[in-house]
Amino acid sequence: MIRYLRQEEKIRTRKLWESIFTEDGLSFVDFYYTDKIKKNKILVEEEAGEPVAMIHRNPFDMVMREQVFKVDYIAGVATREDKRHQGCMSRLLSRAFADMYMERMPFCFLLPVSQAIYRPFEFVPIFNKQPCELSRMGQDMLSSRACTEQREDCREAAAFAGRLLESQYDIYVLRDEEYYKSLCREVRSGEGDLIFLRTKDETQALVGIQAYYGGPRIEEREFLCLPQYQREAGPAKPMYMGRIIHLEQFLETIHLNSGSALNELELVMQVKDGHIRQNDGLFLWRLNKSGSQAVRLREGERKPCFTIGIDSLTSWLFGYEKPNVMSGWQKKLENVEVYSKIFFDEVV
């Protein structure tokens, strides 16, 4: 049986979590099953009353070009060893997709152990993470102190992060006081800390936030800093995958380039989605420089300009890879302002 667990039942999945995610320490699992399950949804497949497979839908407020949407980060995808390769994950994801679509969620995202696991479900890479560190100037000119879970510290962290992310990105998770309280508990459960980076002058201005897991191997969790105090610490690496969930909702956040010679553009797309039937079909998409609207057409009502899979559409609109369409339409599609300034660093 597939169902969502009630709040008091969620703890029953801890045994499955610990058997699969053996790299997580006891204190981190304690944090997760105290903190994260307060707001998430856990979808399970049960046998004899025991969870044999699960998916955790962890919700975030996602800023998408000044609009805020509820978007799920998919975590805790696990199947008991003796039940693998029997379709459990496929059944759970199908149910999750259907429910997220009914909630008009524009997309969902995850941090995969292996991209190959999720490609059959039409997830594609959507974000390459650029590792950064303090520059020499940052090391010389900044001081550091721990951020506490007190309201004043967490509000200051949220205000700084909000200003920085808004100025640099068009898709990112909204930070608030509760976000940083939770992050403090998260990294400290992993023997790490959350650090304020301040100038050493009389202003002691907050110019950066650094969060990390400790233990035998230091691992960066979050690094947000003003550009003049940081430098790249290596090549960007593919990290996050995603897929469009509610096609019309997602398309409404896209518009034409402000510098485009076109004021309006009309596209008829034949979209192929093998897992969300409402996305599979013919769509009329009208765009201008302030937004767009997509409506579903009856099959055969209009001749499509091109046919595109939901995975290719996701990859294109996240600025990751151009779609493979006829050259004439390829040039017209360059007028579309796809997402290119993206920031994700969520891990649970």
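A quick note: this is a predicted structure, and the numbers were derived from the prediction, not measured.

Chemist: Hey, could you run me through the sheet that holds strand E11 (residues 206-213) in this one?
Modeler: Two modes of strand pairing occur in sheets, parallel and antiparallel, and in both the strands are linked by backbone hydrogen bonds. Pairing within the open sheet is antiparallel, and its four strands lie in the order E8-E10-E11-E12. Whereas interior strands pair on both sides, the edge strands pair on one side only; in this sheet they are strand E8 (142-146) and strand E12 (219-225). In this sheet, adjacent strand axes meet at a mean angle of 20 degrees when their direction is disregarded. Here strand E10 (residues 193-199) pairs with E11 via six bridges, running antiparallel. Bridge pairing links Leu194 to Ala211 in E11.

Chemist: In this structure, what is going on with the layout of surface pockets? I would like to understand it.
Modeler: Unoccupied space between atoms shows up once a probe the size of one water molecule is rolled over them. The space that makes up the second largest pocket amounts to roughly 560 Å³. Elements that contribute at least two residues to the lining of the second largest pocket include exactly strand E3 (50-64) and helix H7 (177-189). With six residues, H7 is the single largest residue contributor to the lining of the second largest pocket.

Chemist: I tried to follow helix H3 (residues 88-102) on my own but got confused; where do I start?
Modeler: Along an α-helix, a turn takes 3.6 residues, which lines up residues three or four apart on a common side. Its 15 residues place the ends of H3 22 Å apart at the C-alpha level, agreeing with the 21 Å of an ideal helix rising 1.5 Å per residue. All of the buried residues in H3 are Cys88, Met89, Leu92, Leu93, Ala96, Phe97, Asp99, Met100 and Tyr101. Looking one or two places after H3, you find Arg104, whose phi comes out positive at around 55 degrees.

Chemist: Is there a simple way to explain the sheet that holds strand E17 (residues 281-288) in this structure?
Modeler: Spatially, the four strands line up as an open sheet ordered E18-E17-E16-E19, and their pairing is mixed. Because the sheet does not close on itself, it has two edges, and the strands there are strand E18 (292-297) and strand E19 (306-309). Averaged over all neighbouring strand pairs, the angle between strand axes comes to 35 degrees, with direction disregarded. Here six bridges tie E17 to E18, and the two strands are oriented antiparallel to one another. The residue of E18 that forms the bridge with Trp285 is Ala294. Across the sheet, helix H9 (residues 310-317) touches strand E16 (264-272), E17 and E19, and the angle it forms with E19 is around 90 degrees.

Chemist: Explanation requested: the packing of helix H6 (residues 151-168) against H7 in the structure shown.
Modeler: Between two packed helices, both the angle of their axes relative to each other and the distance between the axes serve to describe the pair. At a minimum axis separation of 8 Å, H6 and H7 run at an interaxial angle of 110 degrees. As the angle between them shows, H6 and H7 are arranged roughly perpendicular. In the packing of H6 onto H7, the handedness of the crossing is right-handed. Two secondary-structure elements touch here, H6 through Arg151, Cys154, Arg155, Ala157, Ala158 and Ala161 and H7 through Glu177, Tyr180 and Lys181. The residue makeup of the contact of H6 with H7, split by class, is five nonpolar, no polar and four charged.

Chemist: How should I be thinking about the packing of aromatic side chains in this particular structure?
Modeler: Two numbers describe a pair of aromatic rings. These are the distance of the centres and the angle of the planes. The final tally for this structure, using the stated rule, is 26 aromatic pairs. The interplanar angle of 75 degrees and the centroid separation of 5.8 Å between the aromatic rings of Tyr118 and Phe123 together place this pair among those described as edge-to-face. Classification of Phe123 as buried rests on a relative accessible area of 1%. With a centroid separation of 6.3 Å and an interplanar angle of 75 degrees, the aromatic rings of Trp285 and Trp316 are classed as edge-to-face. Of this pair, Trp285 sits in strand E17 while Trp316 sits in helix H9, placing them 31 residues apart in sequence. Just as Trp285 is buried, Trp316 falls in that class too. Positioned above the aromatic ring of Trp329 is the side chain of Lys332, whose terminal nitrogen or guanidinium carbon lies 4.6 Å from the ring centre.

Conventions adopted
- Residues numbered from 1 in each chain as written.
- Predicted model: local features only at pLDDT ≥ 70, side-chain atom pairs only at ≥ 80, totals over all residues.
- Heavy atoms only, no water.
- Pairing = 2+ DSSP bridges.
- Helix = DSSP H or I, 4+ residues; strand = E, 2+ residues; numbered from the N terminus.
- Axes fitted to C-alpha atoms, helices over the stretch in contact; angles between N-to-C directions.
- 1 Å grid on protein atoms, 1.4 Å probe; cavity = no way out; pocket = protein on both sides within 12 Å on 5 of 7 lines; lining within 4 Å.
- Points joined across faces, edges and corners; volume = space filled by probe spheres on them.
- Expected span 1.5 Å × (residues − 1).
- Buried < 20%, exposed > 50% of the residue type's maximum accessible area, 1.4 Å probe, protein only.
- Contact = heavy atoms within 4.5 Å.
- Parallel < 35°, antiparallel > 145°, perpendicular 65-115°, else oblique.
- Left-handed = near helix turned anticlockwise from the far one by under 90°.
- Nonpolar A, V, L, I, M, F, W, Y, C, P; charged D, E, K, R; others polar.
- Phe/Tyr/Trp six-rings, centres within 6.5 Å; stacked < 30°, edge-to-face > 60°.
- Lys NZ or Arg CZ within 6 Å of the ring centre and 35° of its normal.

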